[in-house]
Amino acid sequence: MHVPDGFINAPVSAAAGVVAAAAVAVSLRGARKELGGSPEAGGDRVAPLAGLVAAFVFAVQMLNFPVAAGTSGHLLGGALAAILVGPWTGVLCIAVVLLMQGVLFADGGLTALGVNITVMGVVTVVAAYAVFRGLRLVLPRTRGGVTAATFVAALVSVPAAAAAFTLVYAVGGTTDVPVGKVLTAMVGVHVLIGVGEAAITALTVGAVLAVRPDLVHGARGLTAPLKLRVGGELVDAAPAAPEAPAPKSPRKLWIGGVVTALVLAGVVSFYASASPDGLEKVAADQGIDAKADQYEHATADSPLADYGVEGVESARLSGGLAGVIGVGATLAVGTGAFWAVRRRRTENTGGARV
Amino acid sequence: MGAGHAHQLYRRGDSPVHGLPPHTKLVAVLGFVLVVVATPREAVWAFALYAALLGAVAARARVPAGFLLRRLAIEIPFVAFAVLMPFVVPGEQTSVLGVSLSVPGLWGAWNILAKGTLGVAASVLLAATTELRALILGLQRLGLPSPIVQIASFMIRYGDVITDEMRRMSVARRSRGFEARGVRHWGVLAKSAGALFIRSYERGERVHLAMVSRGYTGTMPLLDERPTTRAQWAAALALPLAALPICILGRTL
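The rules behind each value
- Residues numbered from 1 in each chain as written.
- Chains lettered and ligands numbered in written order.
- Predicted model: local features only at pLDDT ≥ 70, side-chain atom pairs only at ≥ 80, totals over all residues.
- Helix = DSSP H or I, 4+ residues; strand = E, 2+ residues; numbered from the N terminus.
- Rg over C-alpha atoms; globule rule 2.2 N^0.38 Å.
- Buried ≥ 20, exposed ≤ 12 C-beta atoms within 10 Å, placed from the backbone.
- Contact = placed C-beta atoms within 7 Å.
- pLDDT = per-residue confidence, 0-100.
- Core = buried A, V, L, I, M, F, W, Y, C linked by C-beta atoms within 7 Å.
- Domains from an automatic or database assignment.
- UniProt positions renumbered as here; feature names shortened; annotations may be inferred.
- Pairing = 2+ DSSP bridges.
- Axes fitted to C-alpha atoms, helices over the stretch in contact; angles between N-to-C directions.
- Parallel < 35°, antiparallel > 145°, perpendicular 65-115°, else oblique.
- Left-handed = near helix turned anticlockwise from the far one by under 90°.
- Nonpolar A, V, L, I, M, F, W, Y, C, P; charged D, E, K, R; others polar.

Draft legend 1. Here's a closer look at the overall build of chain B. Within chain B, the regular secondary structure consists of 10 helices and 2 strands. Each helix and strand of chain B, placed in order from N terminus to C terminus, yields the pattern α-α-α-α-α-β-β-α-α-α-α-α. Expected size for 253 residues packed as a compact globule is a radius of gyration near 18 Å; at 23 Å, chain B overshoots this value by more than 25%. Viewed in the frame of its principal axes, chain B has a C-alpha envelope of about 65 × 60 × 30 Å. Every one of the 253 residues in chain B was classed for burial, and the buried ones make up 41%. Within chain B, contacts between residues at least 6 apart in sequence are counted, and of these 79% link residues at least 24 apart.

Structural data, given as structure tokens:
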């Protein structure tokens, strides 16, 4: 998934670099709060903890998950980091991992570093976390709910990154490839990769939840209240810091809206991509299918894996899925922004009351 | 950082390239890659000259050609993308050995292959002649914010520890007869990944406490402040400065 030098032109690379630098700067401030508890006091905790989490992401990317008959995949880790340690620390850790991979292992071009951080760090983490928070509003407040939300978040994060890469390529690609077809193929393939990512991420988060639920950032608020045994009877311990009760969200309206939008997007894009598609025909005529097979192993985990060898049926399917994911991502981002604003407002009023 | 902490790409040596200050080498590689990317793809000869320049640097650093070529394998996914381009890009068609290929697609494939390979080769040379710790110090002297430098150095310092921990877990699984063969075994592997996260995070907490008890307040002192001489800058920047006229010639011709 690492973009090399010369793939994206200079102005777009520079713009992506500015975006990445801004995202990292904002994440540094946010990570101080996530890891240290408060923006002022936690400064000295950020470097060791984020560094160790980055080392973990780096190591876990080397853990091979066998798929079938000799092929295997590995985690990309964006969604996992976002849910385990929070989105700010997640962006920070992935950015540092990408920087080190670029400088030390020549994995990803130096001039493409901004593109890599923006696509694989920022887009993946933000999409995953926004979907995760959105689903947490809807799903029951249990461990199962967290795991299910994790699954969907990781599933969406991978095609979201593929779509972001296609967008960057459409704006600043050095070769004119038909963008609509690239998008369909990229998102289609990445939905499949995303399913694997989603299963592994959900299983991993579930495993951490079972042992140290307090470490999972996305599951804060799940911990059962402490009980003290006083004279043989269980008494509620005094809560350390009482949280303001979350205001009731209009869940029914939200679910209805999501379902309607998803159905519409799926059906509409099905018709939009129902016309005969040239790319698949070219691919079949030229026998790329056979050629691509030779590269399958080396590129099994790359965004370009099996690029352009979709069958017609799966192209339709992936077109529909692309619409569904687009709607999902948009809704999730909107909900996330709304949620963030609302939370700030309730915090403010809470402060005023006290 | 002792000898055991050198990364796989590093080749110990005392060539003039090894001896240059790391930040000058970083600037040189970045400048070289920028020049390469700015060269129009029609100037095929320019890329041959760039490759010759890198070859000269490799010879000066006494990095064997085989070592360099093996490390280029990291590029393979994008080579696959480049190979597909002549087939899928629309435009004027040409015939090579009876197969119909698109001309813009061939140029696109050449563009990615040439620039990507030169970029990877330059980065491999940088990594082969510079130690980890020196690279991070170089990034710091180039103005990378201190928190990022610290996170990166913690990641590098504990990367091997965490990777070894993962390897020990794998040995433990296998010595108990477990072999991951398919999707059914993902649960076990994911539990290992979860355990690895908990161990990493708890190690981070211990490291932090140990450092706080030794007076850490969130910043690290910068120990290495040797000034860089003009001659060192000149030696490092010889590579991009030699590449620049090639690029200008390639744009004008």
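So, next bit.
Draft legend 2. Main features of the confidence of the model for chain B. Residue and element names in this part refer to chain B. In the predicted model, chain B carries a mean pLDDT of 82, and the fraction of residues at 70 or more is 91%. Looking over chain B, one finds the lowest element-wise mean pLDDT in strand 1 (residues 93–96), namely 70, and the highest in helix 9 (residues 186–212), namely 90. Across residues 1–5 the pLDDT falls below 50, and counting only partners more than four positions away or on other chains, this stretch makes 4 contacts in the model. The complex model carries a pTM of 0.74, and its ipTM stands at 0.85.

Draft legend 3. Representation of helix 3 (residues 78–85) of chain A within the structure. The buried fraction of helix 3 of chain A is high, at 8 of 8 residues. Here helix 3 of chain A has its buried residues at A:G78, A:A79, A:L80, A:A81, A:A82, A:I83, A:L84 and A:V85.

Draft legend 4. Inspection of the nonpolar core at higher detail. Ranked by internal contacts, the top residues of the largest apolar core, which has 168 residues, are A:A50, A:V53, A:A54, A:L92, A:V96, A:A128 and B:M155. The element contributing the most residues to this core is helix 6 (residues 143–172) of chain A, with 17 residues. Domain assignment of the residues forming this core places at least three in each of domain 1 (3–138 + 227–252) and domain 2 (145–212) of chain B.

Draft legend 5. Region of interest: the interface of chain B and chain A. Listed by partner, the interface residues are 74 residues for chain B and 68 residues for chain A. Sorting the residues of the side of chain B that touches chain A by element identifies helix 2 (22–38), helix 5 (76–88), helix 6 (103–129), helix 7 (132–141), helix 8 (146–175) and helix 9 of chain B as the ones contributing at least two each. Of all the elements, helix 9 of chain B adds the most residues to the side of chain B that touches chain A, at 18 residues.

Draft legend 6. Up close: the UniProt feature "transmembrane region" (unreviewed entry) in chain B. Residue and element names in this part refer to chain B. Here, the residues flagged by UniProt with the feature "transmembrane region" (unreviewed entry) are residues 43–60, 72–89 and 109–130. With 94% helix and 0% strand, the stretch residues 43–60 has end C-alpha atoms that lie 27 Å from each other. In this annotation, residues 109–130 is assigned 95% helix and 0% strand; the end-to-end C-alpha distance for the span is 31 Å.

Draft legend 7. Fine view of the pairing of strand 3 (residues 227–230) of chain A. Residue and element names in this part refer to chain A. In terms of strand pairing, strand 3 meets strand 4 (residues 233–236) through 4 bridges, oriented antiparallel. Considered in strand 4, the bridge of K227 is made with D236. Connecting the antiparallel pair strand 3 and strand 4 is a turn made up of 2 residues, with G231 showing a positive phi of about 60°.

Draft legend 8. Seen up close, the packing of helix 1 (residues 10–36) of chain A against helix 4 (residues 87–104) of chain A. Residue and element names in this part refer to chain A. The interhelical angle for the contact between helix 1 and helix 4, taken along N-to-C directions, is 130°, at an axis separation of 7 Å. Judged by the inter-axis angle, helix 1 sits oblique to helix 4. Considering how the two elements wind past one another, helix 1 and helix 4 form a crossing that is left-handed. Of helix 4, the residues touching helix 1 (which contributes A20, A23, V24, S27, L28, G30, A31, E34 and L35) are W88, T89, V91, L92 and A95. Of the residues assigned to the contact of helix 1 with helix 4, the class counts are 10 nonpolar, 3 polar and 1 charged.

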